[in-house]
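So you can see what is in the structure, the chains are spelled out below.
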Amino acid sequence: MDIEVFERWSLIIGVGGLIAFMTFIVWDLAKESKAGKFGTFILFIALGLGLLGFVIKTVLVEVVDK
């Protein structure tokens, strides 16, 4: 396996794992604070925008580079 392929897969798996973990943290925060359905929705929207921005940036960089 080439080092570039390893780095690319490591980045995808690592960042994907962090995104999944952050989603779990937001869900646990909503559950522990007894936020309710609307509060949970607001937490996911507000805290998920950072994750969405990162994903959009990654997609845009890939599209522009090709």
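Residue indices follow the written sequence of each chain, beginning from 1 at its first position. Totals for whole chains, interfaces and linings use every residue, but because this is a predicted model, local features are given only for residues with pLDDT of at least 70 and side-chain atom pairs only at 80 or more, for both listing and counting. For the side-chain quantities, the full set of heavy atoms in the structure was used; hydrogens and water were omitted.

**A closer look at the packing of aromatic side chains**
Reasoning step 1: A pair of aromatic rings is counted whenever rings of Phe, Tyr or Trp (Trp by its six-membered ring) have centres within 6.5 Å, and the orientation is called stacked for planes under 30 degrees apart, edge-to-face for over 60 and tilted otherwise. Tallied over the entire structure, the rule returns one aromatic pair.
Reasoning step 2: When the ring of Phe24 is compared with that of Trp27, the centres are 6.1 Å apart and the planes differ by 40°; the resulting orientation is tilted. Of the two residues, Phe24 and Trp27 are both situated in helix H1 (residues 3-32); the distance of three residues between them amounts to about one turn of the helix. Each helix corresponds to a stretch of at least 4 residues labelled H or I by DSSP, and each strand to a stretch of at least 2 residues labelled E; elements are numbered beginning at the N terminus.

**Quick notes on unusual backbone geometry**
Reasoning step 1: Of note, the phi angle at Lys34 is positive, near 55°, even though the residue is not glycine.
Reasoning step 2: Tracing the backbone shows Lys34 in the loop between H1 and helix H2 (36-65).

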